[in-house]
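As a plain string of letters, each chain reads:
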Amino acid sequence: RALLQAAGVEGAITCTRSADMRYLQQGFEIRVPLPPGRLTQQDLPVLRRAFAEEYQRLYKRLNPTVEIEAVSWRVVVSGPPPVIDMRPLPAAGESLADARKGERLVYFPEYGGFIPCAVYDRYRLPVGAVFSGPAVVEERECTVVVGPKAGVQIDEARNLVMTLL
């Protein structure tokens, strides 16, 4: 809990415990929910009962003469899902010209060498902007090379929609 809070998780933090259990020498385990609190030797009947309930629910039968084993123990501590706002941010520029950073030589085999290409700042491209390749679009995460036979339009969600001409 402290680790999640230190990481900035806000809201209710939940802790879910389970054990992957099976009948002795069985090849497949089932996940069995565990009760809260410290487990001790006195809780073995509670664990056996939890396993039997889950096994019965899944397979509609029990093997009461076979021993049970816990193969692994699991603790999942989580916070509420983050709220993600998917609305596009407005472009920092107002026009395609505002987004242009300059020019760069880029190699295209169809031209047999390097040719000058317009370079655009991805974050400054306004909605509705349209341009043709060859061009380069730069952002923090990647660089998009627009080939000489392609066109780009910036849609309402600020996606680069590339069309081969």
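The structure under discussion appears in the preceding block.
Residues numbered from 1 in each chain as written. Predicted model: local features only at pLDDT ≥ 70, side-chain atom pairs only at ≥ 80, totals over all residues. Heavy atoms only, no water.

Considering the side chain of E54
Formally: Think of it this way: any DSSP run of H or I at least four residues long counts as a helix, any run of E at least two long counts as a strand, and we number them from the N terminus. Exposure is judged per residue with a 1.4 Å probe applied to protein chains only, and the accessible area is read against the type maximum: over 50% gives exposed, under 20% gives buried, and values in between give partly exposed. For this analysis, residues touch if any pair of their heavy atoms sits within 4.5 Å.
In this fold, E54 is placed in helix α2 (residues 44–59). Owing to a relative accessible area of 14%, E54 belongs among the buried residues under this scheme. Ignoring any residue separated from it by four or fewer positions in sequence, one finds E54 in contact with I30, R31 and V32.

Re the pattern of salt bridges
Heads up, the condition is: We define a salt bridge as a side-chain nitrogen of Lys or Arg found within 4 Å of a carboxyl oxygen belonging to Asp or Glu.
Taken as a whole and assessed by the stated rule, the structure comprises 10 salt bridges. Across the pair R31 and D20 runs a salt bridge, and its minimum N-O distance is 3.3 Å. Of this pair, R31 sits in strand β2 (residues 30–33) while D20 sits in strand β1 (residues 14–23); the two residues are 11 residues apart in sequence, bridging distant segments of the chain. Taking the relative accessible area as the measure of exposure, D20 reaches 12% and is therefore buried. With a closest N to O distance of 2.4 Å, K101 and E138 form a salt bridge.

Describing the side chain of R22
Let me state the cut-off plainly: Two N or O atoms count as a polar contact when they lie within 3.5 Å, although within protein this holds only if one can serve as hydrogen donor and the other as acceptor, and sequence-adjacent residues are included solely when both atoms are side-chain atoms.
Positionally, R22 belongs in strand β1. A polar atom in the side chain of R22 sits 3.1 Å from the backbone oxygen of Q26. In terms of polar contacts, R22 uses its side chain to reach the side chain of E29, at 2.8 Å.

With respect to the packing of aromatic side chains
Our working rule: To pair, rings of Phe, Tyr and Trp, with the six-membered ring standing in for Trp, must have centres within 6.5 Å; the planes then decide the type, stacked if under 30 degrees apart, edge-to-face if over 60, and tilted in the middle.
One pass over the full model with this rule turns up 7 aromatic pairs. Arranged with centres 4.5 Å apart and planes meeting at 35°, the rings of Y120 and F131 form a pair that is tilted. Residue Y120 is found in strand β5 (residues 113–121), and its partner F131 is found in strand β6 (residues 130–132); the two are separated by 11 residues along the sequence. Accessibility expressed as a relative area gives 5% for F131, which makes it buried. A network of ring pairs unites the aromatic residues Y23, F51, Y55 and Y59 as a single cluster.

Brief notes about the nonpolar core
Formally: We call a set of buried Ala, Val, Leu, Ile, Met, Phe, Trp, Tyr and Cys residues a nonpolar core when their side-chain atoms join them within 4.5 Å.
Ranked by size, the top nonpolar core spans 13 residues in total, and within it Y120, L125, F131, V137 and V146 carry the most contacts. Going through the elements one at a time, β5, β7 (135–138), β8 (143–146) and β9 (150–154) are the ones with two or more residues in this core. Ranked by the residues each element gives to this core, the list is headed by β9, at 3 residues. The residues touching F131, leaving out its near neighbours within four places in the chain, are L96, Y120, L125, V137, V146, G151 and V152. Ranked by size, the runner-up nonpolar core spans 10 residues in total, among them I30, V32, L34 and L47.

With respect to the environment of T143
Among the structural elements, T143 can be located in strand β8. Counting along the chain gives 23 residues from T143 to Y120, while the straight-line C-alpha distance between them is 9.9 Å. Not counting residues up to four positions away in its chain, the partners in contact with T143 are V136, V137 and E138.

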